[in-house]
Amino acid sequence: MSGKDDNLIQPAAYRPPGSHEPGPRGPGFRPSPMLLLIAALLVALLPIGFFLLTARSVAVTVTPTPDSISLSGGIAIDFGNRYLLRTGEFRLRARKDGYKPLDAVLKVADDTDQAAFTLEKLPGELKISSTPVAMITVDGKPAGSTPQEALELEAGKHQLKLSAPRHQPQDVEIDIEGLGKTQELAITLKPGWAPVTVSSRPSGAEISIAGQVQGKTPGTLELGAGAAELEFRLPGYKTRRLPILVVASQPQTLPEVLLEAADATVELSSTPSGASVTVDGAFRGRTPLALSVTPGSAHKLVLSRDGHENAEAQVSLAAEERKTLSLSLKPILGVLKLEVTPADATLTVDGTVRPIGDGRLELPATAHRIEVAKPGYKPYSSEVTVRPGVDQKLVIALVSEAELKAVANPPLINSATIGLRLRKLAPGSFTMGTPRSDQGRQANEVQRPVKLTRPFYLATTEITNAQFRQFRSGHTSGIVARTSLDNEGYPAVRVDWSDAVAFCNWLSAKDNLPAAYNADGSLIQPATTGYRLPTEAEWEWAARFQGAGAPRRYPWGNAMPPPPDSGNFADAKAGTLVNQILEGYDDGFAATSPVGKGLSIPPGLFDMGGNVSEWVHDRYDGSIVPSTAVATDPLGPATGGEHVIRGSSWRHGRIAELRLAWRDHAREPRDDVGFRVARHVE
């Protein structure tokens with residue numbers, strides 16, 4: 001082997017990993033131009049690819065087809081009538097001759113597939129001419145007058161109206177093409193009048209319509225179409241009116257109008273007035289009046305009136321002449337002798353006051369209205385016919401208002417419905433209650449002065465079962481310890497206060513009287529004449545003071561014990577029903593008895609004590625105190641759940657209860673409480 005061998009393997013120096021010592025450089029790497037071109041194309045195509053992946057194909061149509069169209073606001077790739085567009089807003093512009101430029105917003109959303117737009121035509125111009133000159137309205141709005149050289153109108157149909165004086169208006173519908181084009185319209189209006197030829201005899205009459213003078217006869221008038229009334233006037237002649245109908249463009253000749261001579265006038269009056277007037281035998285009215293008569297002729301006027309001789313006159317007047325004429329009619333007299341009471345009354349004959357004097361009146365022989373009056377008396381009025389040659393006598397006696405009231409409001413009346421009698425009681429002043437020293441006095445009997453100002457009627461008896469059942473057919477008063485309270489003629493009991501009030505209004509309606517109560521039980525104000533419960537003051541006035549020189553203590557008088565037949569109280573027969581009885585007294589009934597059987601209190605009121613106690617109108621107030629103030633027509637407290645009860649019943653036998661001043665109160669019905677009714681006189 002030689003000393004130098006090129007094929008020998010030489011050891012290489014060790015280079016640990018990570019060493020930065022550069023090794024030997026091999027030959028340099030250079031990319032080819034093609035590779036660079038491809039890389040550049042890929043970079044350029046990335047945005048395009050992204051656009052293609054995210055864009056939508058949208059069909060964009062513009063009607064009619066525009067001459068130019070553009071989209072701005074983003075990338076828009078045109079594929080015929082479709083565009084590749086990403087979501088967002090674009091500005092669309094389009095133009096076409098004859099149309100308004102389009103500048104619109106195109107919104108593209110994820111679901112947008114197509115969008116349509118319409119080009120709007122440019123307005124057109126309309127040239128309008130007419131014969132004659134006319135006013136123009138377009139679609140109801142004024143648009144000037146003809147000739148109109150350049151009236152700009154939107155494309156489409158329009159309503160035109162042309163009108164001119166004395167011509168018929170004309171309506172035209174025109175279709176404007178638009179697109180900036182000019183159209184022409186020429187209109188000839190039809191005349192709205194016609195020639196009317198008129199004449200009259202005599203001629204020269206002035207012709208007018210609605211006060212407007214049109215010309216004179218004879219002549220031809222140009223009158224507007226439609227209905228009209230021609231008025232012909234000529235001095236010395238009556239006015240003539242002639243209705244006509246004018247048709248446009250149709251001439252007409254009217255028949256000759258004959259004018260009549262104007263009437264003459266007579267202003268006619270008479271003494272006395274009111275006379276009947278005839279002219280040539282024809283009735284024309286009553287004086288005073290204005291008479292129209294034919295001129296140039298003689299006329300006979302005759303005036304007549306009852307109780308008078310006729311008056312006559314002859315008149316002959318020229319046309320339009322006026323004459324005033326007054327005629328007197330001679331009366332045909334009769335004698336009327338009057339006897340008038342009272343003598344100082346006022347006498348009126350036919351509306352004229354006449355002195356009565358000796359009562360002898362000479363009057364025309366006809367009917368007369370005789371009236372006699374004096375304050376405080378009912379006036380007299382009558383028609384009396386006086387006859388000629390006969391002396392007639394008339395006696396007149398006036399009736400005072402007090403007498404009339406007495407007749408109209410008798411002392412005793414009946415209810416036509418239930419056969420109930422009511423007694424009239426005069427009003428007055430008294431002291432309600434009792435002094436502290438009165439035996440049996442209760443704490444609620446406080447004394448107070450009262451004044452009643454109105455007369456009133458009070459039922460002479462309490463309402464019976466039979467009477468109450470006409471109002472409520474199923475009512476029963478019941479039984480007490482096997483003793484019936486239900487007999488027809490016995491007082492109705494177990495009736496509460498509101499039932500009694502309802503009965504009063506029912507009875508008022510049956511007897512054709514106004515209701516006295518409102519629905520809530522309050523009295524209607526001002527008070528009516530309908531049936532009601534008596535007020536407590538009225539009840540005590542009737543029970544204790546009417547027909548008595550001093551206040552009554554008991555129904556029978558002022559001392560105990562009661563005499564026989566004084567009333568129905570707690571007697572021996574009621575011993576099993578009550579706690580205390582009147583020893584030695586027997587009225588024959590254990591409980592209630594027929595009404596009106598016991599003693600009556602003047603002036604004829606039964607059972608004001610005994611039989612049953614009675615509801616009155618007033619609410620109960622136990623806290624009343626003595627007072628010196630006068631209570632006028634009191635109605636009791638305004639509030640309270642209980643109502644006052646007055647008068648003793650079959651259950652009572654103690655002195656306190658038997659007194660007419662005794663007061664009780666309750667809320668619920670009882671077997672010993674009934675009611676009686678009252679009403680105002682006027």
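Residues numbered from 1 in each chain as written. Predicted model: local features only at pLDDT ≥ 70, side-chain atom pairs only at ≥ 80, totals over all residues. Heavy atoms only, no water.

Some remarks on the overall build of the chain
Next up, step 1: When its secondary structure is counted, the chain shows 6 helices and 52 strands.
Next up, step 2: For the chain, the C-alpha radius of gyration of 60 Å lies well beyond 26 Å, the compact-globule estimate for 682 residues.
Next up, step 3: Its C-alpha atoms give the chain principal-axis dimensions of about 190 × 130 × 45 Å.
Next up, step 4: Here the chain, with 682 residues, has 41% of them falling under the buried criterion.
Next up, step 5: At a minimum sequence separation of 6, the contacts of the chain that also span at least 24 residues come to 57%.
Next up, step 6: Summing over all exposed atoms, the chain offers an accessible surface of approximately 37100 Å²; the carbon and sulfur share of this is 53%.
Next up, step 7: The chain carries 72 positive and 75 negative side-chain charges, and their two centres are separated by 2 Å. (Helix = DSSP H or I, 4+ residues; strand = E, 2+ residues; numbered from the N terminus. Rg over C-alpha atoms; globule rule 2.2 N^0.38 Å. Buried < 20%, exposed > 50% of the residue type's maximum accessible area, 1.4 Å probe, protein only. Contact = heavy atoms within 4.5 Å. Areas by Shrake-Rupley, 256 points an atom, 1.4 Å probe, with all protein chains shown as cover. Lys, Arg positive; Asp, Glu negative; His and termini not counted. Charge placed at Lys NZ, Arg CZ, Asp CG, Glu CD.)

Some details on the confidence of the model for the chain
Next up, step 1: Taken over all residues, the pLDDT of the chain has a mean of 89, while the share at 70 or more is 95%.
Next up, step 2: Every residue in residues 1–9 is under pLDDT 50, and counting partners more than four places away or in other chains gives 0 contacts.
Next up, step 3: The low-confidence segment residues 19–26, where pLDDT is below 50, has 3 contacts with residues more than four positions distant or belonging to other chains. (pLDDT = per-residue confidence, 0-100.)

Observations concerning the sheet that holds strand β12 (residues 156–163)
Next up, step 1: Spatial ordering of the open sheet is given by β10-β9-β12-β13, a layout of 4 strands whose pairing is antiparallel. Pairing within the sheet leaves two strands with one partner each, and these edge strands are β10 (141–145) and β13 (170–176). Pairs of neighbouring strands in the sheet enclose a mean axial angle of 30 degrees, with direction left out of account.
Next up, step 2: Examined bridge by bridge, strand β9 (residues 135–138) and β12 share 4 bridges and lie antiparallel to one another. Each bridged residue has a counterpart across the sheet, and for I136 the counterpart in β12 is L162. (Pairing = 2+ DSSP bridges. Axes fitted to C-alpha atoms, helices over the stretch in contact; angles between N-to-C directions.)

Side note on the packing of aromatic side chains
Geometry of an aromatic ring pair is reported as the spacing of the ring centres plus the angle between the planes.
Next up, step 1: Overall, the coordinates contain 15 aromatic pairs when judged by the stated rule.
Next up, step 2: With 6.5 Å between their ring centres and 90 degrees between their planes, Y490 and F589 make a pair best called edge-to-face. With Y490 in the loop between β44 (483–484) and α4 (497–510) and F589 in the loop between α5 (536–545) and β45 (600–601), this residue pair connects regions lying 99 residues apart in the sequence.
Next up, step 3: Judged by centre distance (5.9 Å) and plane angle (15 degrees), the ring pair of W541 and F545 falls under stacked. Taken together, the residues W541 and F545, both in helix α5 and 4 residues apart, mark about one turn of the helix.
Next up, step 4: By relative accessible area, which is 15% here, F545 ends up buried.
Next up, step 5: Pairwise contacts between aromatic rings join F468, F471, F503, W506 and F675 into one cluster.
Next up, step 6: Against the face of Y531 rests R679, its NZ or CZ located 5.9 Å from the ring centre. (Phe/Tyr/Trp six-rings, centres within 6.5 Å; stacked < 30°, edge-to-face > 60°. Lys NZ or Arg CZ within 6 Å of the ring centre and 35° of its normal.)

Quick notes on a nonpolar patch on the surface
Next up, step 1: A cluster of nonpolar residues, M34, L37, I38, L41 and L42, forms a patch on the protein surface that exposes about 490 Å² of accessible area.
Next up, step 2: When you line up the elements, M34 lands in helix α1 (residues 33–54).
Next up, step 3: Taking the relative accessible area as the measure of exposure, M34 reaches 52% and is therefore exposed. (Patch = residues over 30% accessible without salt bridge, like charges linked within 9 Å, V, L, I, M, F, W, Y side chains within 5 Å. Salt bridge = Lys/Arg side-chain N within 4 Å of Asp/Glu carboxyl O.)

Topic: α5
Note: α-helices contain 3.6 residues per turn, so residues at a spacing of three or four share the same orientation.
Next up, step 1: Among the 10 residues of α5, 10 are classified as buried, and the element is accordingly described as predominantly covered.
Next up, step 2: Buried within α5 are the following residues: E536, A537, E538, W539, E540, W541, A542, A543, R544 and F545.
Next up, step 3: Two residues or fewer after α5 comes G547, characterised by a positive phi angle close to 70 degrees.

Section: α4
Next up, step 1: The end-to-end C-alpha distance of α4, which contains 14 residues, comes to 20 Å, matching closely the 20 Å that a straight helix rising 1.5 Å per residue would cover.
Next up, step 2: Buried residues in α4 make contact with α3 (465–471), β47 (613–619) and β49 (643–646).
Next up, step 3: Positive backbone phi, at 60 degrees, marks N512, one or two positions downstream of α4. (Expected span 1.5 Å × (residues − 1).)

Digging into the pattern of salt bridges
Next up, step 1: All told, the structure shown has 36 salt bridges when counted by the stated rule.
Next up, step 2: Residue R651 is joined to D671 by a salt bridge in which the shortest nitrogen-to-oxygen separation is 3.0 Å. A residue pair is termed long-range when its members are at least 10 positions apart, and R651 in the loop between β49 and α6 (655–658) and D671 in the loop between β50 (663–666) and β51 (673–674) qualify at 20 residues.
Next up, step 3: Since its relative accessible area comes to 13%, D671 is described here as buried.
Next up, step 4: Three or more residues are tied together by salt bridges with common partners; here these are E536, E540, R544, R646 and R663.

Observations regarding the pairing of strand β31 (residues 333–341)
Next up, step 1: As paired strands, β31 and strand β34 (residues 360–364) are joined by 5 bridges and run antiparallel to one another. Looking at β34, one finds that L336 is bridged to L361.
Next up, step 2: In terms of strand pairing, β31 meets strand β37 (residues 391–397) through 7 bridges, oriented parallel. The partner of E339 across the bridge, within β37, is V395.

What about the nonpolar core?
Next up, step 1: Counting residues in hydrophobic clusters, the biggest one holds 30 residues, and the most contacted among them are L422, I463, F503, L533, W615, F675 and V677.
Next up, step 2: Those elements that place two or more of their residues in this core are β42 (456–459) and α4.
Next up, step 3: When near neighbours in sequence (up to four residues on either side) are disregarded, F503 contacts I418, I463, Q467, F468, F471, F675 and V677.
Next up, step 4: Core analysis: the second largest hydrophobic core is formed by 21 residues, V450, L452, V616 and Y620 among them. (Core = buried A, V, L, I, M, F, W, Y, C linked by side-chain atoms within 4.5 Å.)

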